[in-house]
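Here is how the chains run, residue by residue.
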Protein chains: 4
Amino acid sequence: MKRKVCVVITARPSYARVKTALKAIQEHPDLELQTVVAASAVLKRFGKTSHYIEDDGFKIDASVHMVVEGENLVAAAKTTGLGLVELATVFDNLKPDVVITIADRYETISTSIAAAYMNIPLAHIQGGEVTGSIDEKVRHANTKLADLHFVSTQKAKSRVISMGENPEQVYWTGCPSIDLAAAVAKNPALNFNPFDKYGGVGSNFDLQKGYLVVMQHPVTTEYDNAARQITETLYAISDLEIPTFWFWPNVDAGSDQTSGAIRSFRELERQRTNHIHFFKNMEPEDFLRLIINSQCLIGNSSVGIRECSFLSIPVVNIGTRQIGRERGPNVLDCGHSRHEIRKAVETQLKKSRPPQDLLYGNGDAGKRIAAALASAPLSYEKQLQDR
Amino acid sequence: MKRKVCVVITARPSYARVKTALKAIQEHPDLELQTVVAASAVLKRFGKTSHYIEDDGFKIDASVHMVVEGENLVAAAKTTGLGLVELATVFDNLKPDVVITIADRYETISTSIAAAYMNIPLAHIQGGEVTGSIDEKVRHANTKLADLHFVSTQKAKSRVISMGENPEQVYWTGCPSIDLAAAVAKNPALNFNPFDKYGGVGSNFDLQKGYLVVMQHPVTTEYDNAARQITETLYAISDLEIPTFWFWPNVDAGSDQTSGAIRSFRELERQRTNHIHFFKNMEPEDFLRLIINSQCLIGNSSVGIRECSFLSIPVVNIGTRQIGRERGPNVLDCGHSRHEIRKAVETQLKKSRPPQDLLYGNGDAGKRIAAALASAPLSYEKQLQDR
Amino acid sequence: MKRKVCVVITARPSYARVKTALKAIQEHPDLELQTVVAASAVLKRFGKTSHYIEDDGFKIDASVHMVVEGENLVAAAKTTGLGLVELATVFDNLKPDVVITIADRYETISTSIAAAYMNIPLAHIQGGEVTGSIDEKVRHANTKLADLHFVSTQKAKSRVISMGENPEQVYWTGCPSIDLAAAVAKNPALNFNPFDKYGGVGSNFDLQKGYLVVMQHPVTTEYDNAARQITETLYAISDLEIPTFWFWPNVDAGSDQTSGAIRSFRELERQRTNHIHFFKNMEPEDFLRLIINSQCLIGNSSVGIRECSFLSIPVVNIGTRQIGRERGPNVLDCGHSRHEIRKAVETQLKKSRPPQDLLYGNGDAGKRIAAALASAPLSYEKQLQDR
Amino acid sequence: MKRKVCVVITARPSYARVKTALKAIQEHPDLELQTVVAASAVLKRFGKTSHYIEDDGFKIDASVHMVVEGENLVAAAKTTGLGLVELATVFDNLKPDVVITIADRYETISTSIAAAYMNIPLAHIQGGEVTGSIDEKVRHANTKLADLHFVSTQKAKSRVISMGENPEQVYWTGCPSIDLAAAVAKNPALNFNPFDKYGGVGSNFDLQKGYLVVMQHPVTTEYDNAARQITETLYAISDLEIPTFWFWPNVDAGSDQTSGAIRSFRELERQRTNHIHFFKNMEPEDFLRLIINSQCLIGNSSVGIRECSFLSIPVVNIGTRQIGRERGPNVLDCGHSRHEIRKAVETQLKKSRPPQDLLYGNGDAGKRIAAALASAPLSYEKQLQDR
């Protein structure tokens with residue numbers, strides 16, 4: 001009997017992060033993949049990730065609308081509660097042998113609780129890291145609900161163990177997002193025209209002359225500042241006058257403020273945004289290719305920390321969102337003022353390309369995860385281990 | 001401005017456990033108490049704890065029906081999801097400055113998530129302990145979602161810290177359940193007639209000749225065995241032929257099996273249960289008084305571990321439910337067979353009374369908790385601390 | 001392309017009522033059956049109808065736990081809300097061409113709203129009847145949400161039309177419950193031993209000497225009286241001293257009161273219930289066979305009104321639950337006092353067998369429903385038609 | 001004892017519609033007002049109606065986030081289910097004597113079901129009207145769940161009665177929206193500058209030279225066409241080259257398409273929208289004043305049918321949304337093509353001002369509603385009455 005492995009995907013970046021693990025599970029002779037798509041991953045406003053998943057050859061076993069609307073944090077709590085109610089039904093109908101929850105988005109705890117409470121062994125990807133904001137609480141709560149741990153770094157492994165987890169159930173696999181980066185890096189040319197393929201708004205520009213990429217999400221514990229923070233970055237980028245691809249934020253408390261601030265800036269400072277092109281979404285490979293060919297990634301996306309350390313891309317990391325996360329020599333941190341941001345970008349552009357750092361894996365995380373899922377003893381009982 | 005402290009009570013034993021803390025918060029000049037009653041605490045089937053709470057002089061600010069029916073574990077997950085959805089609304093309307101979540105029942109994580117996601121500082125009572133079953137996962141996940149920790153034992157304190165919590169936010173207060181035990185122990189005579197006051201079913205008996213008390217809950221990770229396990233205990237007790245007070249289990253996956261098994265046993269083996277009297281519920285003080293005057297407490301309730309260590313009451317602790325919890329010299333553990341249970345009770349009855357052990361506190365936990373709530377810096381941001 | 005017909009079954013009696021329609025849909029060359037089982041139909045406490053459905057050869061496409069526990073009416077509202085949330089997901093995944101909602105239980109409106117709001121044509125079975133209690137509101141609200149109407153009586157048809165429905169969409173099919181009754185009536189001998197096959201509690205008796213059957217549900221608008229009402233019936237039946245099969249009530253606000261009152265009566269008046277045997281549940285055919293061979297059906301079940309009019313079985317109908325429903329000459333109504341009930345039973349036992357009445361159909365409702373589903377124009381748009 | 005009247009407001013237009021009834025209830029000596037704000041009425045994206053309600057002197061007793069996000073219809077169903085779950089808790093805590101549900105938005109049925117199932121008498125405002133789309137089903141289902149009916153027109157009254165309602169419980173009050181219109185009409189001058197007071201986007205223009213107002217909502221049963229339909233209207237208005245105030249649509253399946261289409265049009269055809277100014281929201285009095293001073297109202301809002309018949313304002317009513325609703329001589333209907341719309345507006349602008357029509361009331365509906373709430377017998381039991 002194949003083990004039924006149920007992966008719950010709740011957002012575009014989560015999918016990007018586990019795609020190679022999905023593929024490796026799908027191809028493993030002892031595993032059967034069940035794919036559940038939920039939360040922002042089923043919403044058109046966030047690029048309807050479910051379409052990409054199907055296009056990539058995965059069958060969707062259940063899809064769940066669960067995002068409760070609201071510009072404040074009550075909506076995040078309710079979304080998670082609604083997701084828990086519904087994922088319980090989904091698991092009751094799909095009857096998986098093991099469930100996978102990914103990283104630390106707030107709604108991932110729905111997956112963790114549903115599995116844990118239904119006595120289904122739970123595997124967690126990307127535990128043991130340290131950042132800021134609510135993600136921090138969610139990630140470690142996921143660890144305490146999970147039975148199997150697939151971690152990205154050696155330090156993450158030791159942290160998960162020091163939280164009382166059984167060392168035999170903690171697997172260093174590297175981060176599966178690196179797998180995709182490693183694959184794309186083998187053939188890195190920008191083999192598509194982003195303007196033609198993805199539309200977006202704003203003017204087109206010549207890609208050969210160099211460009212920046214910006215991806216800045218609201219920080220949920222600072223969401224009242226979201227509009228101000230993004231506006232500072234907008235000013236910094238507009239001052240730099242370098243062609244820039246800008247990605248809209250994902251769904252989070254504060255994302256409406258962020259989106260609203262971007263829209264206002266474009267209305268009010270139209271000529272200042274002439275060299276910026278805004279995208280909603282991009283296929284993960286294309287996104288990586290875009291970054292590989294960029295001069296610098298700016299914002300607070302974890303892509304700057306993970307994939308870019310492997311890919312040797314200069315990164316300006318703004319604010320607190322990635323605080324505490326291990327980083328390679330490619331990252332330069334800065335605060336939220338337009339001045340700091342601008343200066344940091346200029347510094348990065350002057351430096352020579354940073355060396356590759358394998359701290360987040362060497363490109364075979366998906367296969368390692370599938371192998372562990374096929375061979376690990378599956379249990380839903382555990383006890384905190386005193387050290 | 002007084003700090004608004006919102007306590008969410010989801011079950012009768014949880015209320016018993018924090019009652020003195022509620023009182024101390026209510027009386028503290030810098031605190032304002034908000035009381036939310038939810039889950040089994042609003043259900044008649046489980047003794048409608050909300051009535052006792054009001055009788056004790058606490059005003060209920062919101063009550064929430066959230067228990068989804070089901071004899072299997074999917075219901076526990078859904079109950080928690082529904083509770084999360086609703087508690088978010090409750091907190092949105094009550095706007096507390098700090099929320100308290102109690103111990104480790106599965107639905108307590110609803111409280112924790114709602115508070116954490118809404119950026120309300122969260123205090124957790126009774127973290128850092130180790131047991132079996134799903135409670136284990138819930139308790140430590142609560143710890144990772146909480147900002148303030150009120151722990152019962154010194155060992156619990158060191159465990160919470162080793163999980164990465166800031167030592168300054170971890171307060172050893174002792175367990176507030178000991179406060180009540182300490183108060184009752186000052187004047188321990190059985191000053192009420194349990195048959196008259198609480199009704200129940202089964203024959204009456206002479207309290208002067210000594211009696212046992214049984215309280216055995218289903219273990220959620222073994223819930224398929226719940227009927228068999230309770231039946232073994234029923235046989236052991238009926239064989240002993242000592243007058244016995246038996247308490248129905250609280251609401252949990254498996255409690256219907258347990259209740260059903262008790263009902264069947266009473267139907268089929270009517271004469272064997274002649275010396276057993278069944279109660280649904282009892283006021284906490286009365287319950288403690290009943291135990292203080294008993295010869296032995298049998299089952300798997302945490303009362304046997306906590307209150308009874310302070311009260312010097314012999315306890316026969318059955319099965320895995322309290323595995324890993326620190327215990328005093330009053331506890332004798334045994335397995336689930338009727339033979340083992342019977343033998344353990346006989347052993348305890350022969351021994352002299354065990355000495356008092358203060359490992360779970362010295363009777364002022366409620367006041368310590370209130371004092372900490374009034375003075376601790378309140379924050380909803382934290383980071384795992386490497387040790 | 002076959003039309004996908006999704007039937008949502010939320011309770012045992014609903015299943016009994018539509019079983020022949022399910023079979024006819026399953027066998028129709030132009031239809032594909034989707035079966036969803038929800039609410040009390042998935043709960044063991046109510047006989048886990050889902051097992052019977054599978055045993056009858058239907059594949060269950062989704063099952064949904066949705067019953068929120070509570071002895072009061074807030075639970076009925078929440079159950080319905082939770083069901084609506086979940087059935088929306090189920091329909092989103094199953095993508096039916098038409099959904100069937102059955103009769104008037106409170107939770108059936110979840111099905112109706114989910115379908116109507118998702119622009120899925122909705123067919124309603126058993127509209128246009130008149131009774132008491134909340135069912136009355138639910139039934140007619142279902143009618144106003146539905147696009148196709150399969151009614152049981154000619155009077156029901158004219159009522160649905162006078163409520164503004166398009167006469168072309170209102171089909172007199174008869175009630176499918178009559179189909180089963182008609183089939184069983186062809187070979188009515190009691191070909192099983194109820195004590196052996198169904199267990200239950202209470203003493204066994206000789207079936208040859210005649211027996212009564214009681215089935216009395218709580219009335220949701222009178223649920224505070226539920227315990228008193230059932231106790232009156234218990235006294236009436238115990239006074240009659242005729243062997244009696246008694247069925248536990250289905251899940252409704254008030255059913256816990258009813259069940260509790262039955263349990264208390266059995267405890268307190270044990271010898272008075274010596275000639276009563278209590279069952280939880282019975283396969284529909286067996287239940288009909290039991291009734292056909294009984295002397296009288298007592299209580300407030302719609303079976304007394306519908307099936308028994310076709311089967312020529314004397315019925316004592318107690319209280320308001322069936323008020324307004326058309327009835328044949330087999331029914332004698334009475335109030336809730338033990339005296340009235342006893343007298344009514346005695347009257348019925350003295351009379352000769354009542355004639356058959358076909359007002360609820362002639363036994364081919366299932367086939368008529370399937371035929372209409374295959375041929376009717378399907379639309380989710382309608383307007384109230386002025387008459 | 002005052003009767004506690006609980007009004008649930010779920011959207012900005014609903015509030016506008018019942019504001020005078022709220023005021024009359026608040027001022028009535030025998031009534032106590034409870035105000036619950038939910039759904040889009042608590043969302044900033046839809047103008048955060050709750051702020052206006054408080055500014056108008058009403059205390060909000062509970063607010064409920066319940067909108068589930070989704071561009072398709074599954075979200076409407078889930079929103080309604082979530083609302084039902086939460087409103088049950090709200091009513092359980094507020095314990096109203098009568099609940100008021102307003103008109104026919106999809107989520108209003110949450111209010112109706114929660115009240116009906118909890119045995120709370122339910123009053124429905126604006127039953128008995130006939131339109132297109134899902135509102136049609138919702139409105140009449142609300143009627144069948146309600147015990148008291150406050151209708152706007154004589155024809156509506158006769159329809160509610162012909163659906164089987166008790167004529168004594170059907171009150172012709174007129175529509176309370178007319179009350180506000182009547183009050184504003186007494187002093188109709190445009191006493192504020194809309195550009196200054198409400199901001200919005202687009203160019204300013206001279207109000208003295210005449211202007212149009214557009215308000216067009218997506219039609220839920222045609223939501224795939226929403227973008228196309230609004231684009232046609234955009235072309236028609238841009239061709240007319242008359243200064244125009246344009247209001248964004250309210251939250252409904254399809255509103256994202258509508259909003260998106262407006263945004264695209266503004267991007268692509270920037271110079272064509274030079275004479276259009278876009279608003280999110282406006283205080284009801286200001287909105288009425290704006291309309292009174294306009295040359296023509298265009299779109300599919302019910303304001304065109306109701307208030308404008310009283311106010312003698314020419315209206316171009318587009319498409320099917322208001323189909324079946326009674327209308328005065330001020331309304332000219334047309335289809336969705338830009339050509340038809342443009343022609344209809346031109347026709348209206350050429351005609352002389354239409355006469356006042358009182359079919360929707362004479363301006364004292366709020367007082368009539370309060371009086372009926374204070375004096376009507378309150379019951380939650382009813383039966384369909386055959387005619």
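Rules and cut-offs
Residues numbered from 1 in each chain as written. Chains lettered and ligands numbered in written order. Predicted model: local features only at pLDDT ≥ 70, side-chain atom pairs only at ≥ 80, totals over all residues. Heavy atoms only, no water. Buried < 20%, exposed > 50% of the residue type's maximum accessible area, 1.4 Å probe, protein only. Helix = DSSP H or I, 4+ residues; strand = E, 2+ residues; numbered from the N terminus. Pairing = 2+ DSSP bridges. Right-handed = clockwise from strand over helix to strand, strands pointing away. Contact = heavy atoms within 4.5 Å. Buried area = accessible area lost by both parts, 1.4 Å probe. Salt bridge = Lys/Arg side-chain N within 4 Å of Asp/Glu carboxyl O. Least-squares fit on C-alpha atoms with pLDDT ≥ 70 in both. Axes fitted to C-alpha atoms, helices over the stretch in contact; angles between N-to-C directions. Polar contact = N/O pair within 3.5 Å; in protein donor to acceptor, adjacent residues only side chain to side chain. Phe/Tyr/Trp six-rings, centres within 6.5 Å; stacked < 30°, edge-to-face > 60°. Lys NZ or Arg CZ within 6 Å of the ring centre and 35° of its normal. Parallel < 35°, antiparallel > 145°, perpendicular 65-115°, else oblique. Left-handed = near helix turned anticlockwise from the far one by under 90°.

Asker: Please give an account of the pairing of strand S1 (residues 3-9) of chain B that cites residues and values.
Answerer: Residues and elements named next belong to chain B. Among the 7 residues in S1, 6 count as buried, and that is most of the element. Examined bridge by bridge, S1 and strand S2 (residues 31-38) share 7 bridges and lie parallel to one another. Bridge pairing links Val 5 to Leu 33 in S2. Between the parallel pair S1 and S2, the chain is carried across by helix H1 (residues 12-27), and the sense of this crossover is right-handed.

Asker: Report on the interface of chain A and chain B, specifying residues and quantitative values.
Answerer: Between chain A and chain B, the residue contacts involve 48 residues of the former and 48 residues of the latter. Where chain A abuts chain B, roughly 4100 Å² becomes buried across the two surfaces, and 64% of that area is made up of carbon and sulfur atoms. When the buried surface of chain A facing chain B is broken down by residue, Tyr 117, Lys 137 and Leu 384 of chain A rank first, second and third, together holding 20% of it. When the shortest N-O distance is used, the salt bridge between Asp 147 of chain A and Lys 137 of chain B registers 2.9 Å.

Asker: So what's going on with the relation of the copies chain A and chain B? Residues and values would help.
Answerer: Its rotation angle being 180 degrees, the transformation that places chain A on chain B also includes 0.0 Å of axial translation and leaves an RMSD of 0.1 Å. A rotation of that kind, with that shift, is consistent with a two-fold axis. Interface residue correspondence from chain A to chain B reaches 100%, placing this contact among same-surface, isologous pairings.

Asker: Outline the sheet that holds strand S6 (residues 148-151) of chain B, supporting the account with residue identities and numerical values.
Answerer: Residues and elements named next belong to chain B. With respect to topology, 7 strands assemble into an open sheet ordered S3-S2-S1-S4-S5-S6-S7, the strand pairing being parallel. Each end of this open sheet is capped by a strand with a single partner; those strands are strand S3 (60-64) and strand S7 (170-172). Geometrically, the sheet is characterised by an average inter-axis angle of 20 degrees between neighbouring strands, direction not taken into account.

Asker: Got a sec to walk through the sheet that holds strand S2 (residues 31-38) of chain D? Specific residues and values, please.
Answerer: Residues and elements named next belong to chain D. Taking strand neighbours across the sheet as the criterion, the 7 strands line up as S3-S2-S1-S4-S5-S6-S7 in an open arrangement whose pairing is parallel. Unpaired on one side and paired on the other, strand S3 (60-64) and strand S7 (170-172) mark the two borders of the sheet. For this sheet the average axis-to-axis angle between neighbouring strands, irrespective of direction, equals 20 degrees.

Asker: Please set out the pattern of salt bridges residue by residue, giving values where relevant.
Answerer: Going through the model one piece at a time under the given rule, you end up with 95 salt bridges over all chains. A salt bridge links Arg 306 of chain A to Glu 129 of chain A; the nearest nitrogen and oxygen atoms lie 2.6 Å apart. Of this pair, Arg 306 of chain A sits in the loop between helix H12 (302-305) and helix H13 (307-311) while Glu 129 of chain A is found in the loop between strand S5 (122-125) and helix H5 (133-145), placing the two residues 177 residues apart along the sequence. Glu 129 of chain A matches Arg 306 of chain A in its accessibility class, with the two residues each being buried. Glu 165 of chain C serves as the salt-bridge partner of Lys 382 of chain C, at 2.8 Å between the closest nitrogen and oxygen. With Lys 382 of chain C in the segment after helix H15 (365-375) and Glu 165 of chain C in the loop between helix H6 (154-162) and strand S7 (170-172), this pair connects stretches of sequence that are 217 residues apart. The class of Glu 165 of chain C is buried, set by a relative accessible area of 3%.

Asker: Can you break down unusual backbone geometry residue by residue, with the values?
Answerer: In this model, Ala 103 of chain C sits at a positive phi of 55 degrees, which is unusual for a non-glycine residue. Within the secondary structure, Ala 103 of chain C is located in the loop between strand S4 (98-102) and helix H4 (108-117). A relative accessible area of 5% places Ala 103 of chain C in the buried class. In this model, Lys 95 of chain D sits at a positive phi of 50 degrees, which is unusual for a non-glycine residue.

Asker: Residues and numbers for the interface of chain C and chain D, please.
Answerer: Contact with chain C, which involves 48 residues of that partner, is made by 48 residues of chain D. Both faces considered, chain C and chain D share a buried interface measuring about 4100 Å² in area, 64% of it formed by carbon and sulfur atoms. Together, Tyr 117, Lys 137 and Leu 384 of chain C form the three largest contributors to the area buried by chain C at its contact with chain D, with a combined 20%. Summed over the shared surface of chain C and chain D, the number is 4 salt bridges. Here chain C and chain D share 16 residue pairs in polar contact (both at pLDDT 80 or more) between them. Elements that contribute at least two residues to the side of chain C that touches chain D include exactly helix H3 (74-94), H4, helix H5 (133-145) and H6 of chain C. Sorting elements by how many residues they give to the side of chain C that touches chain D places H3 of chain C first, with 12 residues.

Asker: So what's going on with the packing of aromatic side chains? Residues and values would help.
Answerer: Throughout the structure, instances matching the rule amount to 58 aromatic pairs over all chains. Ring geometry for Phe 247 of chain C and Phe 287 of chain C: centres 5.0 Å apart, planes at 85 degrees, overall edge-to-face. With Phe 247 of chain C in strand S10 (residues 244-247) and Phe 287 of chain C in helix H11 (residues 284-292), this pair connects stretches of sequence that are 40 residues apart. The same class applies to Phe 247 of chain C as to Phe 287 of chain C, namely buried. Ring geometry for Phe 195 of chain D versus Phe 245 of chain D: centroids 5.5 Å apart, planes at 40 degrees, classification tilted. Of the two residues, Phe 195 of chain D sits in helix H8 (residues 194-198) while Phe 245 of chain D sits in strand S10 (residues 244-247), which places them 50 residues apart along the sequence. Each residue in the set Phe 192, Phe 195, Tyr 198, Phe 205, Tyr 211, Phe 245, Phe 247, Phe 279 and Phe 287 of chain A is aromatic and connected to the rest through ring pairs, giving one cluster. The ring centre of Phe 58 of chain A lies 4.8 Å from the NZ or CZ of Lys 23 of chain A, which sits over that ring. Between the NZ or CZ atom of Arg 338 of chain C and the centre of the ring of Tyr 235 of chain C, over which it lies, the distance is 4.0 Å.

Asker: Outline the packing of helix H9 (residues 226-240) of chain A against helix H14 (residues 338-350) of chain A, supporting the account with residue identities and numerical values.
Answerer: Residues and elements named next belong to chain A. Taken N-terminus to C-terminus, the directions of H9 and H14 make an angle of 45 degrees; their axes are 8 Å apart at the nearest point. One finds that H9 runs oblique with respect to H14. Judged by the sense of rotation from one axis to the other, the crossing of H9 with H14 is right-handed. Note on element contacts: H14 touches H9 through Arg 338, Ile 341, Arg 342, Val 345 and Glu 346, opposite Glu 232, Thr 233, Tyr 235, Ala 236, Asp 239 and Leu 240.

Function cannot be inferred from these measures alone, as they are strictly geometric.
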